[in-house]
Amino acid sequence: MPLSASGWSTPLSSSTTLSSPPSPSLDKVEATPFNNPRIQASQVVEYIASRASASSLVYVYDVAEQVGFGTLTKEWARAGAAGTAPVVDLQTRAGAGLSLIGRLSQGTSHEAGRGAVLTSYTTPSGLALMAPAFVHLPPANATSRLVAQVPTVTPTGEALSLSPTLSPLASVWSLFPENIAVLLSSTPQQAVDFTKIAYSVTDTHVVHLFDHFSAAREFGHAIREPKASRTTLRGALGQLGYSYFDYTGDSEAHTVVVLLNGPLALAARAIVKTNELSGVGIVTINVLRPWDEAALKAVIPSTARTVHVFDEVPNSLTQGPLYVDVLSTLLSGSSKPTIQGHRVVPSQTQDYLNNETSFRSLIARISNVSSLNVLPKGHRSVLVLGTPRSSIASVPRVIEDFLLAHPKVSSRLLTDFDVFSKQGGIFSSRIAISPKSDDAIPVPIPVAIPLDDVNGRTDLLVVLDQALLKTHSVLKYAKAHSTVLVNTSWTVEEFSANIAGESGIIIKERDLRVFTINAKEIADTLAGAAGPENDAVQNLALHLAFIRLYLGGQANESNLLRVAGNGFEDTIFGIPLIKINAHTWAGLSPVAPSEVLGSNAVLKTFDVNAIAVDVDNGDTVVNGARLSSWHDAAKHLLFPSAYVDPAAESAEEHPQNPALRPEIPDRTFLVTCTVNKRLTPLDYDRNVFHLEFDTSGTGLKYAIGEALGVHGWNDEGEVLEFCKSYGVDPARLITIPVPGDETKVHTRTVLQALQQQIDLFGKVPKSFYTDLAEYATSPVDKYALLFIGSPEGSSTFKKLSEKDTVTFADVLRMYPSARPGIEKLCELVGDIKPRHYSIASAQSVVGDRVDLLVVSVDWATPSGSPRFGQCTRYLAGLKVGQKVTVSIKPSVMKLPPNPKQPLIMAGLGTGAAPFRAFLQHLAMLAEQGEEVGPVYYYFGSRYQGAEYLYGEEIEAFILDGIITRAGLAFSRDGPKKVYIQHKMLEDSEALAKMLYDDEGVFYLCGPTWPVPDVYNALVGALVKYKGVESVAAGDFLESLKEEERYVLEVY
């Protein structure tokens, strides 16, 4: 299993004469990922963290893989690569950390007490959800610890731009207990060193945050293998030459800037060192927890008069915790400098990183100097823009290979993706080139080559796809008097005419030297038809063109051949290199700025919103989704399907909320109760109530007549009572597998599991008695359970189930010696199933709302014990503002396609619910001037004064003519009981005509008992008024079922 270097191999690899140095293989003992500039630090972090010698188990949270971290670990585990720890996929939601705590805590899981070093991959957002659970972490020791590897990448804003901001953690730093160390790294080597430290310390749990936004994903760093033995945190840091705080700058500084280690801190250090600023120093925090006041006081010069503290916070109103730490530390010292807090919100972080001028100006203001340089002398920048998976997408890595071979040059490559602004996506490959220096501080590539700087910072811009010039403002990245290479099939004249938007103005105002080349034409001429040879020649031609322009005035044809020839054989697929070089030299065509026209077209900008990982089988994984093509990337980024196969696409505007019942297959929504109103009198023996839920922002859509699945909870009081009788602590943490997928687990408290998920008070199947018998320690209990579960015990089981209506909790109380562990009990009982209720509203009328009509279900057992319907009890107790998890279930209750068709609606009690939705929609059509057919509405209940459900609305529909005729049957109001079938008999002639002659539709909703009487009433009407035989009339009604014109929804 090779450590893939994220797809470093290129089309040039088609020939052994052109292959890049091989990536290390994990199958070979002698090979390692170290000292290879073609492997990113993030990959090395994954390599170290996933070794079975370091981790007992690796939990890969979805949010980590969505930013390109964890994919390789899963690939290695899936392929059975030697030395790889087992891997478990987990979903991120509130309480995400409980899964890990449960595995580490004695007695709470299958792994309990065995000792384990658990590794989790998550992001700052995911860590923020995990943090509240950390208070339950048991003490760390040499064999039982938690290590969290956290790539600092977070989607921000409406555009989901990726950012290294730590703002999601601002509100939870205070929740980290003393037994967790928080490490922060910024450079590639530091990221790997701190990863090694995380697995070397034995006295604390570790959270390691590293710069996966830029530094750890850069190519060009030959990472040294860190050597650290098992020791304390301070000891491990010392072994590798690190301390809690780093100081850069004037030893007698009067102005000091304090930042958490990361790309901004690295940029600030580089600015101070490059400009040799007097009176200014930078303190970088490598270890945030435990906070070492003495170490901070020791590192800040005694001459410091002002200390600026930069806190990354979600909004400007949030007080940063770092400011509080620094303030409390320095105010207790002998010298008391002024402490100034700077609250850096995510948009500012983006601005500082992507607009070199912004951060440089900020440091200049703090330093009280007029201007500063960010980059050292001799720095050059290259930007390559193109389309992923094209035949020439490997050009940036071919260029990087060329530069890596130069002994006096340091070259770093960072590739990012934009999957929104163009179908199929765009990649941006930035290459930072500088003289090699052992003590240089590497400026983060986003700062060195910013993509949002209006003045352009690129010395050489390469555009591989001519279409980008028509859609995107790509030339704005080129600095004044710089060089641009465009791969295009356009002639120079066509180029001048096709250039769009502001690009023409930029070429003229910045005096850009623009060259075009048609690499495909060169390859077609030399290599023939499309294929690997053609691809290789295209890449090589573009590489040669780059070298010529990079060398500038030093370039001539023979010199170019000499420089390029160092990396290649004399022939490529039988084509002489000298020939390819000659065609490239001749094919480069300059574009005169005066000939460029431009246009008024509005051009898009590039935005970093995706990270791609190429795996060994050739697939590409973008933001955690394995793509069949790059055209899928935007869909997967917008709608990361957290609980389904990642390959499944979604076209929904509102993706599934991953926090809502991952163990069930239904698409779920979180809605808010806004109305819970009892419709029947308080002294009435039946509680019928009306509910309204706000669905705004959830994406919940429903059709008329569909049902709402309510995922109800058990009564908290009953659950607590059961926990007491069962002898289990309701606050205890348990880890249970997600049903249907044993590789996924989730951890909850016993109370949460039994109240929200497990059907503890549900109906008991016969198999449960047999399963429970295995855990009975009393022979009497054991044999009784086995008997009830056997064929001979059928009558006993029937009595218990149908007459006594026992629940799982009842059975466990009846046989007290049968006590399976609480986790096993959860598996035996199973999950609460959603209860479905006909929706009593039309979304076309009520909009972002869904209404229900519900009757509470309650009864008493023969022994007098009260029983309640689990879900109706839950719904009856809902408070306004309470959140409810729901899903949608299709129904047979549908309006016909033609609104003029006659409708006959018959509902008993809460069976009126779907007809309210029907009537709302019909009223809306009528109000819009559309003709609707006749509506006969039959409703039955016991008393008009108590159960005329939605009576005022029905009367209004009658007055407005929406209901043509209403047959209201209140069975207990008169001396003689009257039911809906009696009211239907009064209208027999009209009903027969509507069904037989006018394509009418009949609906019945409610309990099953009136079905035969209603059926007979309709058969009698057809016999009497349409002259058909009774059998034929029955056959006619049966045929209407096939046409969906005789619809029953009964229960």
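## Regarding the overall build of the protein
Link 1 in the chain: A count of helical and extended segments in the protein gives 38 helices and 41 strands.
Link 2 in the chain: Within the protein, the proportion of its 1051 residues that are buried is 59%.
Link 3 in the chain: Across the protein, every contact between residues at least 6 apart in sequence was considered, and the portion connecting residues at least 24 apart equals 75%.
Link 4 in the chain: In the structure as shown, the protein presents an accessible area of about 41700 Å², 51% of it carried by carbon and sulfur atoms.

## Thoughts on the packing of aromatic side chains
Link 1 in the chain: Here the structure, examined in full by the defined rule, presents 25 aromatic pairs.
Link 2 in the chain: Note on Trp173 and Phe176: the rings are 5.4 Å apart at their centroids and 45 degrees apart in plane angle, and the pair reads as tilted. With respect to class, Trp173 is no different from Phe176; both count as buried.
Link 3 in the chain: Pairing Phe768 with Phe808 gives two aromatic rings, centres 4.9 Å apart and planes at 90 degrees, and the pair type is edge-to-face. One end of the pair, Phe768, is in helix α25 (residues 766-773); the other, Phe808, is in helix α28 (residues 808-814), with 40 residues separating them in the sequence. No difference in accessibility class separates Phe768 from Phe808, as the two residues are buried.
Link 4 in the chain: Here the aromatic residues Tyr937, Phe939, Tyr948 and Phe970 are joined through ring pairs into a cluster of three or more.
Link 5 in the chain: The ring of Trp585 carries Arg548 above its face, with NZ or CZ at 3.8 Å from the centroid.
Link 6 in the chain: The positively charged end of Arg916 is found above the aromatic ring belonging to Tyr950, 4.4 Å away from the centroid.

## Here we look at the nonpolar core
Link 1 in the chain: Ranked by internal contacts, the top residues of the largest apolar core, which has 96 residues, are Phe134, Phe176, Ile197 and Val326.
Link 2 in the chain: Among the elements that make up this core, the one with the highest residue count is helix α1 (residues 41-49) (6 residues).
Link 3 in the chain: The residues contacting Phe134, other than those within four sequence positions of it, are Ile101, Leu127, Leu146, Phe176, Pro177 and Ile180.

## A look at the packing of α25 against helix α26 (residues 779-788)
Link 1 in the chain: Contact geometry of α25 with α26 gives a least axis separation of 7 Å together with a crossing angle of 155 degrees. Classed by the angle they form, the pair α25 and α26 counts as roughly antiparallel. Here α25 runs over α26; the crossing is left-handed. Mapping the contact onto sequence places Lys766, Tyr769, Thr770, Leu772 and Ala773 in α25 and Lys782, Leu785, Leu786 and Ile788 in α26.
Link 2 in the chain: Broken down by class, the residue content of the contact of α25 with α26 amounts to 6 nonpolar, 1 polar and 2 charged.

## Some points on the pattern of salt bridges
Oppositely charged side chains can form a pair if their charged atoms are brought close together.
Link 1 in the chain: According to the stated counting rule, one finds 32 salt bridges in the structure shown.
Link 2 in the chain: Notably, a salt bridge pairs Arg412 with Glu218, separated by 3.2 Å at the nearest N-O pair. Here the residue Arg412 occupies a position in strand β16 (residues 409-418), and Glu218 occupies one in the loop between β8 (205-210) and α7 (233-239), the gap between them amounting to 194 residues.
Link 3 in the chain: Using a relative accessible area of 9% as the deciding quantity, one classes Arg412 as buried.
Link 4 in the chain: Among the residues examined, Glu218 registers a relative accessible area of 2% and is labelled buried.
Link 5 in the chain: The partner of Asp987 in a salt bridge is Arg965, and the shortest N-O contact between them spans 2.5 Å. Highlighted residues: Asp987 in the loop between α35 (980-986) and α36 (988-996) and Arg965 in strand β39 (residues 965-970), separated in sequence by 22 residues.

## Points about the side chain of Thr152
Link 1 in the chain: Tracing the backbone through its elements, the reader meets Thr152 in the loop between β4 (145-151) and β5 (154-156).
Link 2 in the chain: Those residues in contact with Thr152 that sit more than four places away from it in its chain are Pro124, Ser163, Pro164, Leu166, Leu209, Phe210, Asp211, His212 and Phe213.

## Let's talk about the pairing of strand β33 (residues 849-855)
Along a regular strand, successive side chains alternate from one face of the sheet to the other.
Link 1 in the chain: With 5 of 7 residues buried, β33 lies mostly within the body of the structure.
Link 2 in the chain: Where strand β28 (residues 688-694) meets β33, 7 bridges bridge the pair, whose relative direction is antiparallel. In the sheet register, Leu691 faces β33, and the bridge partner there is Leu852.

## Looking at the sheet that holds strand β13 (residues 306-312)
Link 1 in the chain: Strand order in the open sheet made by the 5 strands is β9-β11-β10-β13-β14, with mixed pairing throughout. The open sheet is flanked by β9 (245-249) and β14 (338-344), the only strands paired with a single partner. Within the sheet, the average angular offset between the axes of one strand and its neighbour, ignoring direction, is 20 degrees.
Link 2 in the chain: Of the pairings in the sheet, the one linking β13 to β14 comprises 7 bridges and is parallel in character. Its bridge partner lying in β14, His308 is registered against Gln340.
Link 3 in the chain: Together, β9, β10 (255-260) and β11 (280-285) form the strand contacts of helix α8 (residues 263-275), whose direction differs from that of β11 by roughly 155 degrees.

## Considerations on the packing of helix α32 (residues 913-927) against helix α34 (residues 951-959)
Link 1 in the chain: Interaxial distance between α32 and α34 falls to 11 Å at its minimum, and their mutual angle equals 35 degrees. Along this stretch, α32 crosses α34, giving a crossing that reads as left-handed. Along its contact with α32, which presents Arg916, Leu919, Gln920 and Ala923, the element α34 presents Glu953, Ile954 and Phe957.
Link 2 in the chain: Broken down by class, the residue content of the contact of α32 with α34 amounts to 4 nonpolar, 1 polar and 2 charged.

## Focus on the confidence of the model for the protein
Link 1 in the chain: Residues with a pLDDT of 70 or more make up 89% of the protein, whose mean pLDDT is 85.
Link 2 in the chain: A low-confidence stretch, residues 106-114 stays under pLDDT 50, and its non-local contacts, those more than four residues away or across chains, total 20 contacts.
Link 3 in the chain: Note on residues 639-652: pLDDT is under 50 here. Beyond four places in sequence and across chains, it has 26 contacts.

## Topic: empty space enclosed by the protein
Link 1 in the chain: This structure, assessed with the given rule, holds 4 cavities of 30 Å³ or more.
Link 2 in the chain: Its boundaries defined by the atoms lining it, the largest cavity holds a volume of some 190 Å³.
Link 3 in the chain: Elements with a minimum of two residues in the lining of the largest cavity: β8, β10, α8, β13 and α11 (346-354).
Link 4 in the chain: Taken together, the residues of the lining of the largest cavity sort by class into 13 nonpolar, 5 polar and 3 charged.
Link 5 in the chain: Considering only enclosed or pocket space, the second largest cavity measures out at about 50 Å³ in volume.
Link 6 in the chain: Each residue belonging to the lining of the second largest cavity can be placed in one class, and the counts come to 6 nonpolar, 3 polar and 1 charged.

## Topic: the environment of Gly68
Link 1 in the chain: Note on placement: Gly68 falls in the loop between α2 (62-65) and α3 (71-78).
Link 2 in the chain: In sequence terms Gly68 and Val621 are 553 residues apart; their C-alpha atoms lie 7.6 Å from each other.
Link 3 in the chain: The contact partners of Gly68, leaving out residues within four places of it in the chain, are Glu46, His212, Ile611 and Val613.

## As for the environment of Thr357
Link 1 in the chain: Here Thr357 is to be found in helix α12 (residues 356-367).
Link 2 in the chain: When the C-alpha positions of Thr357 and Pro450 are compared, they lie 9.4 Å apart, and in sequence the two are 93 residues distant.
Link 3 in the chain: Discounting chain neighbours no more than four positions away, the residues touching Thr357 are Asp453 and Arg457.

## A look at unusual backbone geometry
Link 1 in the chain: For the bond running from Arg289 to Pro290, omega is 0 degrees, close enough to zero to count as cis.
Link 2 in the chain: Residue placement: Pro290 occurs in the loop between β12 (287-289) and α9 (293-299).
Link 3 in the chain: Within the chain, Asn368 stands out as a residue other than glycine whose phi angle is a positive 60 degrees.
Link 4 in the chain: Take Asn368: it is sitting in the loop between α12 and β15 (380-386).
Link 5 in the chain: Residue Glu999 is not a glycine yet carries a positive backbone phi of 55 degrees.
Link 6 in the chain: Counting through the fold element by element, Glu999 comes out in the loop between α36 and β40 (1001-1006).

About the thresholds
- Residues numbered from 1 in each chain as written.
- Predicted model: local features only at pLDDT ≥ 70, side-chain atom pairs only at ≥ 80, totals over all residues.
- Heavy atoms only, no water.
- Helix = DSSP H or I, 4+ residues; strand = E, 2+ residues; numbered from the N terminus.
- Buried < 20%, exposed > 50% of the residue type's maximum accessible area, 1.4 Å probe, protein only.
- Contact = heavy atoms within 4.5 Å.
- Areas by Shrake-Rupley, 256 points an atom, 1.4 Å probe, with all protein chains shown as cover.
- Phe/Tyr/Trp six-rings, centres within 6.5 Å; stacked < 30°, edge-to-face > 60°.
- Lys NZ or Arg CZ within 6 Å of the ring centre and 35° of its normal.
- Core = buried A, V, L, I, M, F, W, Y, C linked by side-chain atoms within 4.5 Å.
- Axes fitted to C-alpha atoms, helices over the stretch in contact; angles between N-to-C directions.
- Parallel < 35°, antiparallel > 145°, perpendicular 65-115°, else oblique.
- Left-handed = near helix turned anticlockwise from the far one by under 90°.
- Nonpolar A, V, L, I, M, F, W, Y, C, P; charged D, E, K, R; others polar.
- Salt bridge = Lys/Arg side-chain N within 4 Å of Asp/Glu carboxyl O.
- Pairing = 2+ DSSP bridges.
- pLDDT = per-residue confidence, 0-100.
- 1 Å grid on protein atoms, 1.4 Å probe; cavity = no way out; pocket = protein on both sides within 12 Å on 5 of 7 lines; lining within 4 Å.
- Points joined across faces, edges and corners; volume = space filled by probe spheres on them.

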